[in-house]
Amino acid sequence: MESFHSEKLVKELSKIAWILRKDVIDMIHRAGSGHPGGSLSAAEIVTALIFHHLNIDPKNPQMPERDRFLLSKGHAAPLLYAALARRGFFPLEELKTFRQLDSRLQGHPDRLKTPGVEMTSGILGHGVAVGVGLALAARIDNAKWRVYVLVGDGEIQAGVIWEGAMMASKYRLGNLTVIVDFNKVQLDGPVHEIMPIQPVTEKWKAFGWYVTEIDGHNMREILDTLDEMDNIQDQPKVIIAHTIKGKGVSFMEGKSYWHGRAPNDEQYLQAMKELSQAIKKLELSEE
Ligand SMILES: Cc1ncc(C[n+]2csc(CCOP(=O)(O)OP(=O)(O)O)c2C)c(N)n1
């Protein structure tokens, strides 16, 4: 696949993903609860969407022609909030209120509370079906906006995901793209042990979707694939993004223990040190 994205853009976006990881760890540590594993795994995907691919406007979050991004795996809320704040939807300072009573930034996303949040989520499994509804609405309105849904690999064990998948295929919803954060680990163990989803590519294909598999931490690949998906107009599309749960924090990587747990003070310092080092490394590679 030919890439039209400059090295500068790819590096800038990669760096933002790492900054969001620091935000996530900071928010969860401050709150004393939250979900680091599945937030860290999706950092590049969410960055590519919110900071580049989506047609959204932080000054006008309800702009009718905006693209819709649905965080179906709502427990990754800290990542979404950090991205929205850094993109200018609300003040960065507000991230400090994550999970506090009366904060706009609750433990799971609430579309009526937070600017830029398009779907209330946290109860897993609903994003694909909601995405189908929105994609049909866009079609009825003859509107150009697109719908993107981020789901977890454990999440797609839910039956309603596949009801949505059938319907998207029936109506050939070319304006709908699902991204599976395929980090191989769910709440309390490996996905393949709890309820295998493989062969995942074949499953989506059998449901009538256009499927592609990528490295979900490779910014250029993500950007190129999102562009490629725009060229496919006559069927729904799914990107299987291979990722690492807890990506970037050595002691969290690949561990279900870190699915929904806050680091203690010592772990927090270690995590922030590692993430800062990753950012330094990226910056040095720019020179
Ligand atoms: C319907 C429903 N059942 C159970 C839960 C509790 N829960 C929260 S996250 C999670 C695991 C999700 O795993 P996965 O989709 O792989 O998420 P990720 O690894 O990306 O964090 C579960 C079971 C929920 N939020 N909703």
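Note: the structure precedes this text.
Going along each chain's sequence as written, the residues are numbered from 1 onward. In keeping with the model being predicted, local features are shown solely for residues with a pLDDT of at least 70 and side-chain atom pairs are shown and tallied solely at 80 or more, while totals for entire chains, interfaces and linings include all residues. Only hydrogens and water are set aside; all other atoms, that is, all heavy atoms of the structure, feed into the side-chain values.

Digging into the nonpolar core
Put simply, the rule reads: Buried Ala, Val, Leu, Ile, Met, Phe, Trp, Tyr and Cys residues form a nonpolar core when they are joined through side-chain atoms within 4.5 Å. For each residue, the accessible area found with a 1.4 Å probe, counting protein chains only, is set against the maximum for its type, and the residue is called buried under 20%, exposed over 50%, and partly exposed in between. Numbering of helices and strands starts at the N terminus; helices are DSSP runs of H or I of at least 4 residues and strands are runs of E of at least 2.
Ile25, Ile50, Phe69 and Tyr81 are the most contacted members of the largest nonpolar core, which totals 59 residues. Taken together, the elements giving at least two residues each to this core come down to helix 1 (7-31), helix 3 (43-53), strand 1 (68-71), helix 4 (77-87), strand 2 (147-152), helix 9 (219-230), strand 7 (237-242) and helix 10 (265-286). The greatest single-element share of this core, amounting to 9 residues, is contributed by helix 1. Membership of the second largest hydrophobic core comes to 29 residues, among which are Ala138, Ile161, Trp162 and Ala165.

Thoughts on the environment of Ala77
Where we set the bar: Note on contacts: a residue pair is in contact if any heavy atoms of the two residues lie within 4.5 Å.
Note that Ala77 resides in helix 4. Residue classification places Ala77 among the buried positions, given a relative accessible area of 0%. Separated by 42 residues in sequence, Ala77 and His35 place their C-alpha atoms 8.2 Å apart. Aside from chain neighbours lying at most four places away, what touches Ala77 is Leu71, Gln106, Gly107, His108 and Pro109.

Some points on the pattern of salt bridges
The cut-off we apply is this: Any carboxyl oxygen of Asp or Glu within 4 Å of a side-chain nitrogen of Lys or Arg constitutes a salt bridge here.
Within the structure shown, the criterion is met by 13 salt bridges. The shortest N-O distance in the salt bridge between Arg220 and Glu7 comes to 3.0 Å. Of the two residues, Arg220 is situated in helix 9 and Glu7 in helix 1; the sequence distance between them amounts to 213 residues. Looking at Arg220, the relative accessible area reads 23%, which means it is partly exposed. One connected set of salt bridges, linked through shared partners, spans Asp67, Arg146 and Asp230.

A short note on the packing of helix 1 against helix 4
Using the following cut-off: Angles here are taken between N-to-C directions and fall from 0 to 180 degrees, while the axes themselves are lines fitted to C-alpha atoms, restricted in helices to the stretch in contact. Roughly parallel here means an angle under 35 degrees, roughly antiparallel means over 145, roughly perpendicular means 65 to 115, and every remaining angle is called oblique. We call a crossing left-handed when the near helix sits turned anticlockwise from the far one by less than a right angle, and right-handed when that turn is clockwise. Throughout this entry, Asp, Glu, Lys and Arg are counted as charged residues, while Ala, Val, Leu, Ile, Met, Phe, Trp, Tyr, Cys and Pro are counted as nonpolar. The remaining residues, Gly among them, count as polar.
As a packed pair, helix 1 and helix 4 sit with axes 9 Å apart at the nearest point and diverge in direction by 120°. Classified by the interaxial angle, the pair formed by helix 1 and helix 4 is oblique. As for the relative orientation of helix 1 and helix 4, their crossing is right-handed in sense. Contacts between helix 1 and helix 4 pair Ile19, Leu20, Asp23, Val24, Met27 and Ile28 from the former with Pro78, Leu79, Tyr81, Ala82, Ala83 and Arg86 from the latter. Residues that form the contact of helix 1 with helix 4 fall into these classes: 10 nonpolar, no polar and 2 charged.

By themselves, these observations are geometric and do not establish any function.
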